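Fold and geometry: a report
Spelled out, the chains give:
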Amino acid sequence: MIVSGAWLRDYVTLTMDMEHLAERLTMVGLEVEAVEKPYAYLQTVVVGRITAVEAHPKADKLKVCLVDDGRNERRIVCGAPNVAVGQRVPLALPGTVLPSGMRLQEATIRGELSQGMLCSQKDLNLGEDASGLWVLPDDAPVGTPLARYLELDDVRLDVSVTPNRGDCLSMVGMAREAAAICGTSVRYPEIVVVETGPPIQSLASVTLEDPVGCPRYAARLIQGVRIGPSPEWMKRRLESAGIRSINNVVDVTNYVLLELGQPLHAFDYDRLREGRIVVRRAVSGERFTTLDGVERTLFDDTLLICDGKGPVAIAGIMGGLESEITPTTTRVLIESAYFQPEGIRRSSRKLGLRTESSYRFERGVDPEGVLRAADRAAQLMLELAGGSIAQGRIDAYPVPIPRPTITLRVPKVNRFLGMDLAPQAMARVLTSLEMAVETVDEHTLRVTPPSFRPDITREVDLAEEVARLTGYDKVPVTHAQVPLYSDPVDPHAAARQDLKRVLEAVGFYEVLTYSFTSEKALKSLGLPDDDPRVQPVRLLNPLSEEQAVMRTSLLPGLLQTARLNLDRGNADLRVFELSKVFLPREGELLPREDHHLAGVLAGRRDPRAVYGSDDPVDYSDVKGVVEEILAACRLEESQVRFSRDALPVYCDPRCGASLWIKDTLTGSLGRIHPDVQEAFDLKREVHYFELDFEKLFALRNPHPGFVPLPKFPSVTRDMALIVEGTLPVADPLHFIRSLNEPLVESVAVFDLYRGKPLADHQKGVGYRLVYRAPDRNLTDEEVNALHQRITEQVLEAFGATLR
């Protein structure tokens, strides 16, 4: 947007020069890309008066003139054919750089001194006439700089307007911003329309077939106009904005476009068939020739302005050849409308046609400024082209566009901006932008934006207006205060991580298997049909049959992983997984998601090449791993029991155990049953452990804290028993622990023997008991008596004998 300082001052009183205003405009969000003085070279061109003309003594076509420059009389050699005494003409003084790039100096021409140059319009780039001197009016003040006399002493700003600020694409719009910056008010053009013609309703009509695409359409009619050139002041203002002057009627529409930001179109009324306007959508494939002479194929969402027979303009973009203003035009219909911005933007891009009108319509013009623009155009046309204005105006506006009312919370805006502004200060800023502000209470304002600001719809938009007019440079520089804190550690997640580290420390690798599995894999565990684990949640859109259900156990995935490793030569295997299983709940749509911990072992106990051995893993290895897990959960030996009760069907009953913690079944461990081993196509024995982590987490003991080292020595006694070969070694162990003797510190198995001289159905088991008192030294008598009593109880309970 090119803003002329001289033109801008018609609408606002500036309290600063244009250079300073450019800085302030940039700071309020309207970036000024350039500050130009296009006629700076005219500062050394003054109005001169020719006082005498003599023939050049040595050149027939040259004359020597005496010219009064307001201070001195200068001798000027001139070759213009129309030079005459008394004329007032532009005089370029020495030092002037003409638009052609030529720098003037005093020079001797054919022996005569020339102290400047008398100029034509072409010489000064102020017109096309190069036939002779530019003769100025007789009242032109001698010695006045030509730029000041022609009102060209101007500074222009090249303002980059953001897409949301369509209201600033006009001189009045820029004047509103300047007035808010300078603390002054806008002087809107005074519009007085003298209506002397017949009523417009008797001559024209408007029909809106698409009120969505065109919510408002206004028209005025002026008769008896005379088409001709525009006055110089209007030409200069249009040309300063880069618009070529055409004629007085078309120039008025362009002038109002630049002044008020409202695109207009002037139709030759006599070329409008049936004298009426119809606004409708185009038919797909419909063809229309625009003002530039190009025939265009339209789309079904292109909005057209039509007369009684067919299209005469593409709404908001460009008019047509058939209704343009010509030298013979005498009656003009002025169109002023509001078109839906989205529709204009879409049509402009589809047609590849961008104009000054479409540029403004697609950004949104003022729907309440439509009538003012039509009146302003009618006023100017009457002044410049004569005629008479029809009485009244057509205003098709079926559904008025509402203006939003926004609540502004002062404390919130201050927090948002990091400032401390009073409600009155915010209200003052918003009022300067022509917003209606009502005070609700001491912390709240109710604001109604003007119709020319469609970009103001939210409280944050108002906050931006307050910030930019108050001054972004006044927003205090602060550093974000980010409190450093960490969320409390999830004990469940921490416990899972601890167990993973324990298993990694004993040589296991963690694996992650799919949460989806197949029904076949679950049934391969040998589970009965009524077991909930073979009634999994089914997927509605499984990727394949191998991943058709949600897993209810981690073992199928781990056994498949074991098979893949064994088939590929990785015979020494230790892997685990701690993940969720999905157990169905009766009457519930969603399953219960519990964490389970499972692992498998296969191959050699110690696979190291140098120090290892070929001994295969067995039950003792997997039991040792489980004991490490239990130790990590700080569970005491007396709280844990390994039993043959409640063994799962996939565990070999000859080499397995169920795990009971505090009398709660928590899992199982042992060797995979041969039938399951065959079902999963495992080429060698595989041992496993499977624990319910949720139960394990709930049954774990809290951290005991610091426990001091014992001050008094321990006393050890052994108990060697002969028992039935079928008796589990753990039963006497648990029995001794269940006695809860306070002096018994620990009990452990230290020997297991089968063979001669024992009978085939017998075995020898050795238990080592450690005794200690926390407050004294134990005597042998005291320990022997206690040990004898415990031994007798064990012998009686299990029918055992001492070895």
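Just above sits the structure.
Spatial strand order, β5-β4-β3-β6-β9: five strands in an open sheet with antiparallel pairing. Edge positions in the sheet fall to β5 (73-78) and β9 (117-118), since each has one partner strand and no second. Direction of pairing for strand β3 (residues 45-55) relative to strand β4 (residues 63-68): antiparallel, over a ladder of six bridges. Note on β4: the bridge partner recorded for Ile 50 is Val 67.

It is worth spelling out the environment of Ser 240 at this point. Secondary-structure assignment places Ser 240 in helix α5 (residues 232-240). In this structure, the C-alpha to C-alpha distance between Ser 240 and Ile 2, residues 238 residues apart in sequence, is 7.6 Å. A polar side-chain atom of Ser 240 sits 2.6 Å from the main-chain carbonyl oxygen of Arg 237.

Its volume calculated, the largest pocket comes out at about 1000 Å³. Considering the residues around the largest pocket, the lining is formed by 34 residues, among which Tyr 619, Lys 623, Phe 642, Val 729 and Ala 730 are closest to the centre. The set of elements that each furnish at least two residues to the lining of the largest pocket consists of α16 (619-632), β32 (640-643), β33 (651-661), α19 (730-738) and β37 (744-753). Within the lining of the largest pocket, the residues separate by chemical class into 17 nonpolar, five polar and twelve charged. The space that makes up the second largest pocket amounts to roughly 730 Å³. Lining the second largest pocket are 30 residues, with Val 250, Asn 254, His 265, Leu 291 and Gly 319 positioned closest to its centre. Per element, the largest residue contribution to the lining of the second largest pocket is four residues, and it comes from helix α6 (residues 248-260).

On to the packing of aromatic side chains. If you walk through the whole model with that rule in mind, you get eight aromatic pairs. Ring geometry for Phe 693 versus Phe 697: centroids 6.1 Å apart, planes at 25 degrees, classification stacked. Of this pair, Phe 693 and Phe 697 both sit in helix α18 (residues 693-699), four residues apart, which is roughly one turn of the helix. Aromatic pair Phe 735 and Phe 798: ring centres 5.6 Å apart, planes at 85 degrees, arrangement edge-to-face. Here Phe 735 is found in helix α19, whereas its partner Phe 798 is found in helix α20 (residues 780-798), with 63 residues between them in sequence.

Where α5 meets α6, the closest approach of the two axes is 10 Å, and the angle between their N-to-C directions is 55 degrees. As the angle between them shows, α5 and α6 are arranged oblique. Between α5 and α6 the crossing geometry is left-handed. Between α5 and α6, the residues in contact are Trp 233, Met 234, Arg 237 and Leu 238 and Asp 251, Val 252, Asn 254, Tyr 255 and Leu 258, respectively.

Bringing the pattern of salt bridges into the picture now. Throughout the structure, instances matching the rule amount to 63 salt bridges. Arg 296 serves as the salt-bridge partner of Asp 292, at 2.6 Å between the closest nitrogen and oxygen. Given a relative accessible area of 12%, Arg 296 falls into the buried group. For Arg 533, the salt bridge identified is with Asp 531, shortest N-O distance 3.1 Å. Taking relative accessible area as the criterion, Arg 533 reaches 23% and is therefore assigned partly exposed. Classification of Asp 531 as buried rests on a relative accessible area of 13%. Where salt bridges share partners, they join Arg 165, Asp 167, Glu 177, Arg 453, Asp 455, Glu 465 and Arg 468 into one cluster.

Right, let's talk about the sheet that holds strand β26 (residues 444-448) for a bit. Within the open sheet, the three strands sit side by side as β24-β26-β25. Their pairing is antiparallel. Edge positions in the open sheet fall to β24 (406-409) and β25 (436-441), since each of these has one partner strand only. Neighbouring strand axes in the sheet, compared pairwise and without regard to direction, differ in orientation by 30 degrees on average. The sheet contact formed by β24 and β26 spans four bridges and is antiparallel. Note that in β26 the partner of Ile 406 across the bridge is Val 447. Sitting on the sheet, helix α12 (residues 459-470) is in contact with β24 and β26, with an inclination near 60 degrees to β24.

Calculation notes
Residues numbered from 1 in each chain as written. Predicted model: local features only at pLDDT ≥ 70, side-chain atom pairs only at ≥ 80, totals over all residues. Heavy atoms only, no water. Pairing = 2+ DSSP bridges. Helix = DSSP H or I, 4+ residues; strand = E, 2+ residues; numbered from the N terminus. Polar contact = N/O pair within 3.5 Å; in protein donor to acceptor, adjacent residues only side chain to side chain. 1 Å grid on protein atoms, 1.4 Å probe; cavity = no way out; pocket = protein on both sides within 12 Å on 5 of 7 lines; lining within 4 Å. Points joined across faces, edges and corners; volume = space filled by probe spheres on them. Nonpolar A, V, L, I, M, F, W, Y, C, P; charged D, E, K, R; others polar. Phe/Tyr/Trp six-rings, centres within 6.5 Å; stacked < 30°, edge-to-face > 60°. Axes fitted to C-alpha atoms, helices over the stretch in contact; angles between N-to-C directions. Parallel < 35°, antiparallel > 145°, perpendicular 65-115°, else oblique. Left-handed = near helix turned anticlockwise from the far one by under 90°. Contact = heavy atoms within 4.5 Å. Salt bridge = Lys/Arg side-chain N within 4 Å of Asp/Glu carboxyl O. Buried < 20%, exposed > 50% of the residue type's maximum accessible area, 1.4 Å probe, protein only.

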